[in-house]
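# Summary of structural features
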Amino acid sequence: MIVVKVGGSEGINYEAVAKDAASLWKSGQKLILVHGGSSETNKIAEALGHPPQFLTHPGGLTSRLTDRKTLEIFEMVYCGLVNKRIVELLQKEGVNAVGLSGLDGRIFEGKRKDAVKYIENGKIKIHRGDYTGSVEKVNTALLTLLLEAGYLPVLTPPAVSYQGEAINTDGDTAAALLATAFKAEALLLLSNIPGLLANFPDESSLIREIPAARVGDPQYMSVAQGRMKKKVLGAVEAVQGGVGRVVFGDARIEQPISAALAGAGTVVR
Ligand SMILES: Nc1ncnc2c1ncn2[C@@H]1O[C@H](COP(=O)(O)OP(=O)(O)OP(=O)(O)O)[C@@H](O)[C@H]1O
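All of the points below concern the structure found in this document. Small disclaimer: the values here were computed from a predicted structure and weren't measured.

## Some points on helix H5 (residues 171-181)
With respect to burial, H5 is a largely interior element, eight of its eleven residues being buried. In the stretch just after H5, Lys-183 is the one whose phi turns positive, near 50°.

Put into structure tokens, the structure is as follows:
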């Protein structure tokens, strides 16, 4: 089993991802796709007059402020536009894909963080009424049913809270827990960059290999800025959970999954 998370930032080549996933699937490779949708969400939120807002937390991580209206826009884009685009591309390639969010069948479950601490002008503040949270548990029953019946699952946030609310969650960490739950031999985190860059945005500064035991070191956490930090945390989670290897790879190129499997990008093992 491999878990492939395709980002939702600008420049992702969804056609190439679907084509490559389909040919691997047809050759007998079991896989689950997880995807993001951040750049489309930003555009649609702007167009709907509810522009995106991001919070920087005391630890330096950032997240989307998710009030109820943002959550609804998020669902429109992630579960609708992007998820159905990928499912359609896979169907065109002759693969019977099924698109689901983490809410469906409680696939991704976690605690809602209703009050979120953030930094503004050097001060710690609290935002209440947020629909965010981290995935703590992956429920594999529905996915196992689908895989055994020959369907390729295409998963997306939101997750479901223990109270049954939809929560915006990070797709990279959700994918890492999913890979752990399925004892995947590889987790591929594909985005619009060649991998983890030592000197972002200089693409020639690609870090080619990180020993699994060292991926959480400050040396790597500090070069990852913004949302890239979540990918590094996802890799830590996955390798600690027994996933064979994690690759930060490029989803702008042809055959992006095969390339990452062959070692292109940053390989953590
Ligand atoms: N050291 C770094 N190396 C590579 N990318 C970095 C680094 N620091 C920051 N980044 C940024 O991280 C981004 C990738 O994370 P991001 O979460 O935006 O992508 P995604 O996974 O494609 O999107 P989504 O959140 O929709 O799934 C890159 O586009 C880049 O701008």
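## A short note on the site of the ligand
Inspection of the region around the ligand gives 21 residues, with Lys-5, Ser-9, Asn-192, Arg-227 and Lys-231 positioned closest. A distance of 2.6 Å separates an oxygen atom of the ligand from a polar side-chain atom of Asn-192. Contacts to the ligand include Gln-225, whose backbone N or O atom sits 2.9 Å from a nitrogen atom. Bound to the protein, the ligand loses 89% of the 640 Å² it would expose on its own. Applying the majority rule of atoms within 2 Å of the grid points places the ligand in the largest pocket. For the shell around the ligand, the class distribution of residues is eight nonpolar, ten polar and three charged.

## Quick notes on the side chain of Asp-20
On the secondary structure map, Asp-20 appears in helix H1 (residues 14-26). Here Asp-20 sits buried without a salt bridge, and the closest side chain of opposite charge, Lys-19, lies 10 Å off (N-O distance). With sequence-adjacent residues up to four places away left out, Asp-20 is seen in contact with Gln-255, Pro-256, Ile-257 and Ser-258.

Analysis parameters
Residues numbered from 1 in each chain as written. Predicted model: local features only at pLDDT ≥ 70, side-chain atom pairs only at ≥ 80, totals over all residues. Heavy atoms only, no water. Buried < 20%, exposed > 50% of the residue type's maximum accessible area, 1.4 Å probe, protein only. Helix = DSSP H or I, 4+ residues; strand = E, 2+ residues; numbered from the N terminus. Near = heavy atom within 4 Å. Polar contact = N/O pair within 3.5 Å; in protein donor to acceptor, adjacent residues only side chain to side chain. Areas by Shrake-Rupley, 256 points an atom, 1.4 Å probe, with all protein chains shown as cover. 1 Å grid on protein atoms, 1.4 Å probe; cavity = no way out; pocket = protein on both sides within 12 Å on 5 of 7 lines; lining within 4 Å. Sits in = over half its atoms within 2 Å of the grid points. Nonpolar A, V, L, I, M, F, W, Y, C, P; charged D, E, K, R; others polar. Lys, Arg positive; Asp, Glu negative; His and termini not counted. Salt bridge = Lys/Arg side-chain N within 4 Å of Asp/Glu carboxyl O. Contact = heavy atoms within 4.5 Å.

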